[in-house]
Amino acid sequence: MNTTDEHAQEPDLEAFRALLLSQRVWDVELPAFDPAQAPEAPLPLFHRWFAEAVAAGQPEPHTMTLATVDTEGRPDVRTLMLHDADEHGWHFATHATSAKGRQLAARPDAALGFYWAAQGRQVRARGAVTAAGAAESRADLRARSTGALAAALTGRQSDVLSSVEELAAASRAAWVRAEAEPDAPVPTWTRYVLTPREVEFFQGDAARRHVRLRYRRDLEADPDDAGWVRELLWP
């Protein structure tokens, strides 16, 4: 055995820890956030914060984390794109046959998280997830790019892949079809909406006096007209 090669592959934990501890956050002037001026419902504030994240130059502000649980109750998380945020909730899409699609079918409850470092802001939402019908799911895919269609046509998301060569061949074929058939059907492609029970807005503060404003549904209100309770949380 080559002991030199063996030691070269060992992680340098001290170097990693030194690098980790040297990192800093929020080396920018953070905006103020007065929760007393926040709207009665979370959606207008989300729209405003999203626009401000874009204006601040936040890379990919439309990306978010989606947390689900599997059939054994074990958590899972990944990053994906927001497709809309309206009166129904926060929208995203994936294959129904993917890991997250299967998990949502078994346990249709999830959490979303946005992090906009350019302004030291986070938004978290928790609630029930509903799958849209076939027509809405097809419209969702048609509204996206040729590349998105090609990726969807490649299919078999989350399945075991035998080699990168197999992926390359499947991707080439999918691109050819996507360019020739912009309305090519992808039966497993599904649009989902998370209808929130809770939405939290977090504004970071350099002195660590972070502002956390949570909206939660008033469970005692009329289910057809349930309002929002606003409350501050300790950071």
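The preceding data block contains the structure.
Let me begin by describing the structure that accompanies this report.

Cut-offs and rules
- Residues numbered from 1 in each chain as written.
- Predicted model: local features only at pLDDT ≥ 70, side-chain atom pairs only at ≥ 80, totals over all residues.
- Heavy atoms only, no water.
- Helix = DSSP H or I, 4+ residues; strand = E, 2+ residues; numbered from the N terminus.
- Buried < 20%, exposed > 50% of the residue type's maximum accessible area, 1.4 Å probe, protein only.
- Contact = heavy atoms within 4.5 Å.
- Areas by Shrake-Rupley, 256 points an atom, 1.4 Å probe, with all protein chains shown as cover.
- Lys, Arg positive; Asp, Glu negative; His and termini not counted.
- Charge placed at Lys NZ, Arg CZ, Asp CG, Glu CD.
- Salt bridge = Lys/Arg side-chain N within 4 Å of Asp/Glu carboxyl O.
- 1 Å grid on protein atoms, 1.4 Å probe; cavity = no way out; pocket = protein on both sides within 12 Å on 5 of 7 lines; lining within 4 Å.
- Points joined across faces, edges and corners; volume = space filled by probe spheres on them.
- Nonpolar A, V, L, I, M, F, W, Y, C, P; charged D, E, K, R; others polar.
- Pairing = 2+ DSSP bridges.
- Axes fitted to C-alpha atoms, helices over the stretch in contact; angles between N-to-C directions.
- Parallel < 35°, antiparallel > 145°, perpendicular 65-115°, else oblique.
- Left-handed = near helix turned anticlockwise from the far one by under 90°.
- Core = buried A, V, L, I, M, F, W, Y, C linked by side-chain atoms within 4.5 Å.
- Phe/Tyr/Trp six-rings, centres within 6.5 Å; stacked < 30°, edge-to-face > 60°.
- Lys NZ or Arg CZ within 6 Å of the ring centre and 35° of its normal.

What follows concerns the overall build of the protein. For the protein, the helix and strand inventory stands at seven helices and nine strands. Each principal axis of the C-alpha distribution contributes one length, and for the protein these read about 55 × 55 × 40 Å. Evaluated residue by residue, the protein yields a buried proportion of 34% over its 235 residues. Residue pairs in contact within the protein that sit at least 24 positions apart in sequence constitute 64% of those at least 6 positions apart. Per element, the accessible surface of the protein, about 14,400 Å² overall, is 54% carbon and sulfur. Treating the 26 positive side-chain charges of the protein as one cloud and the 35 negative ones as another, the clouds have centres 1 Å apart.

To continue, consider the pattern of salt bridges. In a structure, side chains of opposite charge can pair up when their charged atoms sit close to one another. Evaluated as defined, the whole model comprises 18 salt bridges. Between Arg191 and Asp84 there is a salt bridge, with its nearest N and O atoms 3.9 Å apart. Taken as a pair, Arg191 in strand S7 (residues 189–203) and Asp84 in strand S3 (residues 84–86) lie far apart in primary sequence, 107 residues in all. Classification of Arg191 as buried rests on a relative accessible area of 12%. Since its relative accessible area comes to 32%, Asp84 is described here as partly exposed.

Right, let's talk about the layout of surface pockets for a bit. In this structure, the largest pocket spans a volume of roughly 460 Å³. Around the largest pocket, the lining comprises 23 residues; the ones closest to its centre are His95, Ala151, Gly155, Arg156 and Gln157. Counting residues per element, the ones that place at least two in the lining of the largest pocket are strand S2 (75–81), strand S4 (89–95), helix H6 (146–154) and helix H7 (164–180). Element by element, the count of residues in the lining of the largest pocket is highest for H6, at four residues. In the lining of the largest pocket, the residues fall into 11 nonpolar, seven polar and five charged. In this structure, the second largest pocket occupies an estimated 320 Å³ of space. Along the wall of the second largest pocket there are 20 residues; nearest its centre are Arg138, Leu141, Ala184, Pro185 and Val186. Mapped by element, the contributors of at least two residues to the lining of the second largest pocket are helix H5 (134–142), H6 and S7. Residue contributions to the lining of the second largest pocket peak at five residues, all from H5. Among the residues making up the lining of the second largest pocket, the classes are represented as 11 nonpolar, five polar and four charged.

Across the seven residues that make up S4, a large majority, seven, are buried. As defined by bridge partners, S3 adjoins S4 across three bridges and the pair is classed as antiparallel. Considered in S4, the bridge of Asp84 is made with His91. As consecutive antiparallel partners, S3 and S4 are separated by two residues.

Another point: the packing of H6 against H7. Here H6 crosses H7 at 130 degrees, and the two axes come no closer than 8 Å. Taken as axis vectors, H6 and H7 run oblique relative to one another. Note that H6 runs across H7; the crossing there is right-handed. Between H6 and H7, the contacting residues are Thr146, Gly147, Leu149, Ala150, Leu153 and Thr154 on the first element and Leu167, Ala170, Ser171, Ala174, Trp175, Arg177, Ala178 and Glu179 on the second. Looking at side-chain class alone, the contact of H6 with H7 contains eight nonpolar, four polar and two charged residues.

Bringing the nonpolar core into the picture now. Core analysis: the largest hydrophobic core is formed by 29 residues, its most contacted members being Leu45, Phe46, Trp90, Phe92, Phe114, Val123 and Phe201. It is helix H3 (residues 42–55) that contributes the most residues to this core, five residues altogether. Aside from chain neighbours lying at most four places away, what touches Leu45 is Phe33, Ala38, Pro39, Phe201, Leu213 and Tyr215.

Moving on: the packing of aromatic side chains. Summed over the entire model, instances satisfying the criterion amount to 11 aromatic pairs. Consider the rings of Phe33 and Trp49, whose centres lie 5.1 Å apart with planes at 75 degrees: the pair is edge-to-face. In this pair, Phe33 sits in the loop between helix H2 (13–21) and H3 while Trp49 sits in helix H3, placing the two residues 16 residues apart along the sequence. Side by side, Phe33 and Trp49 carry an identical accessibility label, which is buried. Taking the centre distance of 6.2 Å and the plane angle of 70 degrees together, the rings of Phe50 and Trp116 count as edge-to-face. Note that Phe50 is positioned in helix H3 and Trp116 in strand S5 (residues 109–116), a separation of 66 residues in sequence. The class for Trp116 is buried, based on a relative accessible area of 1%. Ring pairing ties together the aromatic residues Phe33, Trp49, Phe201, Tyr215 and Trp228, which thus form one cluster. Seen from the ring of Trp49, Arg121 lies directly overhead, with NZ or CZ sitting 4.1 Å from the centre.

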